[in-house]
Each structure stands twice: as C-alpha cells, then as structure tokens.
Amino acid sequence: MIRNFKLQICPLTETSFIDKPRCHRVCRRSFDFHNSFQVCIRVLTMASIASNGEHKATKPPPTPSPLRNSKFFQSNMRILVTGGAGFIGSHLVDKLMENEKNEVIVADNYFTGSKDNLRKWIGHPRFELIRHDITEPLLIEVDQIYHLACPASPIFYKHNPVKTIKTNVIGTLNMLGLAKRVGARILLTSTSEVYGDPLVHPQPESYWGNVNPIGVRSCYDEGKRVAETLMFDYHRQHGIEIRIARIFNTYGPRMNIDDGRVVSNFIAQALRDEPLTVQAPGTQTRSFCYVSDMVDGLIRLMEGENTGPINIGNPGEFTMIELAETVKELINPKIEIKMVENTPDDPRQRKPDITNAKKMLGWEPKIKLRDGLPLMEADFRLRLGVAKKL
Ligand SMILES: NC(=O)c1ccc[n+]([C@@H]2O[C@H](COP(=O)([O-])OP(=O)(O)OC[C@H]3O[C@@H](n4cnc5c(N)ncnc54)[C@H](O)[C@@H]3O)[C@@H](O)[C@H]2O)c1
Ligand SMILES: O=c1ccn([C@@H]2O[C@H](COP(=O)(O)OP(=O)(O)O[C@H]3OC[C@@H](O)[C@H](O)[C@H]3O)[C@@H](O)[C@H]2O)c(=O)[nH]1
C-alpha cells in the first residue's frame, strides 16, 4: 500500500530539508539519502494512514526535541522499555541491545520483574536502568517507547487490582504524555484478554470481545482496553505515532518460577515432582507463543507502518489437559495430573487469527510448543538446581 506512493518531496512539510533529521532518525536511511530529496517513508506512512480515512490523526506527529533534531540527529536511537525487567521485556532488551545503534533505557518498579533479568547489561555504556513506577510521570528524552509495564500473571494482577488499573490507565497516560512531549513512537503491549471469554473463534482484531466489566479480571482486561483507547485518542487528537500489539500467552526462559501462569507452573511442578494442577474443567484452550517469536513480532510492529492493533501469538491451540500431558511426557513421565478448582471468568478458548501479522508484518511464529518447552525446562532446571536424570 505505502510502496505505491511516488511522491518526490515530503507531503507534510513540503521540504525534506526541515524534516531530514527526523526522517533519518526514524527510517535510518543515510543523511545523503535525505539530501537527495527522495521520499521519506515515515512521513508517507502518516499520509497514507490519513488518506485511508481510518484512525485519522488530526495533526502531524509532534516534533522531537531541538537537540534530537539538530546536534544529535546522527546519534543512537534512544529506546525506552517500560517493564523491561520483566519476562518479555528483558528478552526484548537483549534483542534491542544487539543493534549497536540502539541505546536502551529500562524503567521498572520490580513488582514482578527483577534486576537479575538484566544483569548482563548493567554497566553497559548503551544501557540504563531506572527504578521507576510508571504511575508517576517520567521526564526523559527518547525516540521510541516500548510500553510493557504491567503485571501479566493473573495471580499478580489480581493481587492489587486498583494498582493494576492505575498502571494501565495512569501509566499509559504518562507514557503517552512522554511520547507527545518528545515526539516518540510508542508501542503498547495489549493482550488477548481484551477479547474476554470470546464468542468468536479464532479471534481476529476486528472482534470487540466479550469482557465482564466488573469481574476479578477486569482490572487487567478492561485496563488494557482503556489503554488501547488512550493510544488511539492520542493518535487521533495529537498525531502521536502508535503501535498496538495484542499479545497471546507467551512462555519461555526467565518467567518467574512461581509466576502462577500455567506453563511456568507445570514445568516447576514437574521438576519438583509435584502433581500438575489442571484447573477445571481442563478443556479450556490457550495458544502458546515462544518468547523469541514474540520479541521478533514486537520489533517488526514497532519498525513497520501499521498502527495495529495486531494479534501476535502462536495459533497452535491446546487444552490445559493436553498441555499437562505434553509436559508430563517431555519432562517427568511419572508425575500425576490433578484436577483443581478454577478461578472466576477464566476464558474458555483462545486462539489468535494472525492473518494481519502475516500480511502486514511478514511475521509468523517459528517455534512449536514441543520445541519451546525443553528450552524453558533447561532454564528452570538451572534456576531450581535440578539436574536432568540420565
Ligand atoms: N506474557 C504473556 O503471556 C502476555 C500476554 C499478553 C500480554 N502481555 C503483556 O506484555 C507485558 C509484559 O508481560 P510479561 O509477561 O513480561 O510480564 P512480567 O510481569 O514479567 O513483566 C511486567 C514488568 O512490568 C513491571 N511493572 C509492573 N507494574 C509496573 C509499574 N507500575 N511501573 C513500572 N513497572 C511496572 C514489572 O515489575 C515487570 O518487570 C505486559 O504489559 C503484559 O500485559 C503478556
Ligand atoms: O496451575 C495452573 C494455572 C493455570 N491453569 C489454567 O491455564 C490457563 C491459562 O492460565 P494462565 O494463568 O497461564 O494465563 P491466562 O491465559 O488466564 O491469562 C494470561 O493471558 C494473557 C496475558 O495477558 C496474561 O499474561 C495472562 O493473564 C487457564 O485456563 C487456567 O485456568 C491451570 O490449569 N493450572
């Protein structure tokens, strides 16, 4: 769609000279490229989104600070990762740090995350770690924001539901305010939980969901729905460049051992010789995405031209009984599987329709559950000090 444009100058500023540093900063083409008055991919993108009529922004995106625009325009891309000390966040940081043109700043309050997840970067000249709660404003200068901060495991997000809502609503407002002030692009990690207990299966992004607004999970799923609304309102009203990923259940090394989510629970239980606790009825389904696939999808979304929301997840769908049997077979065939009571409003089925991710991001997951589980097992064995029996 975007590549059909054949404009020779920037359609918003009418001159590529004024916008040159910003184009360089975002599309990362050489300075000479912009000097040659060729078209700026990023500005075209804004024009194309607007001309499609959908999610129309009433303003061009805010300009970055004069410093980023002039003196430092050829400096590294500064990227903020909120929640970067958590499970997905720390893997994202690893990937972003591989690019020597990136400086990464993590802001985290360590509620569910840990410095340990980032220990290899602490002290690195391109890395900075800030203990910060995003329900308070954050005044820094950045070019991109990956906004992940929020407890994700149901037992943690239900622990202090009011705080979970504040994190999703006030926290997202603060990050959007930051994006507005510094002209940064912002990506929100939303969730498949915005579909609630879905009546459409698999779930496409066009499905509006079936969410209980007053249930015990609402602090999280309604919180994320408001966060998505705020993202689009800032986009339409203030021209902020937004990206929204709807993440489906993700697993992998570095999940908290006692995180409470199903894959980490089952692997820890199998290694501790404890029964695998399947919550009734056990026929409820989930689709599990390995974390490296997830990080790849998030970066493609940030760097691409689509606002989203876009589902990012692995469409391989399993009942919880099937998952328990797979963990038992792969890790500890002697273990018992025990049926236990469930919690309210547990979604009965969940599977992403990833047509848009394939089409718009050229993304699809590579790692199957049976290949990902042993990678996570190895990490859990190391952390629990349980050697593999020969
Ligand atoms: N892992 C999944 O299956 C999954 C699925 C859907 C969506 N998501 C979303 O992805 C993001 C990351 O999830 P995760 O699995 O890595 O979870 P996680 O709990 O491991 O990481 C969340 C991080 O956010 C931090 N945090 C929480 N509240 C904060 C606050 N108020 N201020 C600053 N930091 C705060 C935590 O300390 C932690 O480091 C979350 O936004 C979550 O909603 C995850
Ligand atoms: O020990 C357990 C834990 C969980 N389960 C079941 O496993 C399924 C998945 O539960 P999890 O707690 O792992 O995660 P959920 O799918 O309910 O929510 C997740 O989905 C989307 C994300 O936004 C969040 O990371 C997380 O809330 C549920 O049906 C639950 O009842 C078990 O059978 N046994």
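Keep in mind that this is a model prediction, so the values were computed, not measured.

1. Side note on the overall build of the protein chain
In terms of regular secondary structure, the protein chain is built from 13 helices and 13 strands. Counting the 390 residues in the protein chain, one finds 53% classified as buried. Long-range contacts, defined here as pairs at least 24 residues apart, represent 80% of the contacts in the protein chain between residues at least 6 apart. Taken as a whole, the protein chain presents about 17,600 Å² of accessible surface, with 55% of it coming from carbon and sulfur.

2. Quick word on the packing of helix H11 (residues 320-331) against helix H13 (residues 369-384)
Axis separation between H11 and H13 bottoms out at 11 Å; the angle between their running directions is 60°. Accordingly, the angle class assigned to the pair H11 and H13 is oblique. Where H11 crosses over H13, the handedness of that crossing is right-handed. Seen from H11, the contacting residues are Leu323, Thr326, Val327, Glu329, Leu330 and Ile331; seen from H13, they are Leu369, Arg370, Leu373, Pro374, Glu377 and Arg381. For the contact of H11 with H13, the class distribution of residues is 7 nonpolar, 1 polar and 4 charged.

3. Comments concerning the site of ligand 2
Taken together, 23 residues are adjacent to ligand 2, and Tyr220, Thr277, Gln279, Arg286 and Asp346 come closest. At 3.0 Å from an oxygen atom of ligand 2 is found a main-chain nitrogen or oxygen belonging to Ala152. For the shell around ligand 2, the secondary-structure elements that each account for two or more residues are helix H6 (154-157), helix H9 (262-271) and strand S8 (276-279). Its residues placed into classes, the shell around ligand 2 shows 8 nonpolar, 9 polar and 6 charged.

4. Some thoughts on the site of ligand 1
Around ligand 1 lies a shell of 29 residues, among which Asp108, Thr112, Leu148, Tyr220 and Lys224 are the nearest. One nitrogen or oxygen atom from the main chain of Ile88 is found 2.8 Å from an oxygen atom belonging to ligand 1. Between ligand 1 and the protein, one listed contact pairs an oxygen atom with a side-chain N or O atom of Thr189 at 3.0 Å. For ligand 1, whose accessible area on its own is 810 Å², the fraction buried by protein is 97%. The leading source of residues in the shell around ligand 1 is strand S5 (residues 185-191), at 3 residues. Tallied by class, residues from the shell around ligand 1 come to 13 nonpolar, 12 polar and 4 charged.

5. Considerations on the side chain of Asp108
Secondary-structure assignment places Asp108 in strand S2 (residues 102-108). No salt bridge is formed by the buried Asp108; the nearest opposite charge belongs to Arg131, separated by 8.0 Å. One polar contact links the side chain of Asp108 to the main-chain amide nitrogen of Ala85, over a distance of 3.0 Å. The contact partners of Asp108, leaving out residues within four places of it in the chain, are Gly83, Gly84, Ala85, Gly86, Ile130, Arg131 and His132.

6. Notes on the pattern of salt bridges
Any two side chains of opposite charge can pair if their charged atoms end up close together. Tallying each qualifying case throughout the model produces 24 salt bridges. For Arg350, the salt bridge is made with Glu193, and the minimal N-O distance between the two is 3.5 Å. Here Arg350 is found in the loop between strand S13 (337-340) and helix H12 (355-361), whereas its partner Glu193 is found in the loop between S5 and helix H8 (218-238), with 157 residues between them in sequence. For Glu193, a relative accessible area of 7% puts it in the buried group. One connected set of salt bridges, linked through shared partners, spans Glu193, Arg217, Arg286, Asp346 and Arg350.

7. So, the environment of Glu141
Note that Glu141 resides in the loop between strand S3 (127-131) and strand S4 (144-147). Residue classification places Glu141 among the partly exposed residues on the basis of a relative accessible area of 30%. Along the sequence, Glu141 and Val327 sit 186 residues apart, while their C-alpha atoms lie 45 Å from each other. Ignoring any residue separated from it by four or fewer positions in sequence, one finds Glu141 in contact with Ser65, Arg78, Arg181 and Val182. In terms of polar contacts, Glu141 uses its side chain to reach the side chain of Arg181, at 3.0 Å.

Calculation criteria
Residues numbered from 1 in each chain as written. Chains lettered and ligands numbered in written order. Predicted model: local features only at pLDDT ≥ 70, side-chain atom pairs only at ≥ 80, totals over all residues. Heavy atoms only, no water. Helix = DSSP H or I, 4+ residues; strand = E, 2+ residues; numbered from the N terminus. Buried < 20%, exposed > 50% of the residue type's maximum accessible area, 1.4 Å probe, protein only. Contact = heavy atoms within 4.5 Å. Areas by Shrake-Rupley, 256 points an atom, 1.4 Å probe, with all protein chains shown as cover. Axes fitted to C-alpha atoms, helices over the stretch in contact; angles between N-to-C directions. Parallel < 35°, antiparallel > 145°, perpendicular 65-115°, else oblique. Left-handed = near helix turned anticlockwise from the far one by under 90°. Nonpolar A, V, L, I, M, F, W, Y, C, P; charged D, E, K, R; others polar. Near = heavy atom within 4 Å. Polar contact = N/O pair within 3.5 Å; in protein donor to acceptor, adjacent residues only side chain to side chain. Lys, Arg positive; Asp, Glu negative; His and termini not counted. Salt bridge = Lys/Arg side-chain N within 4 Å of Asp/Glu carboxyl O.

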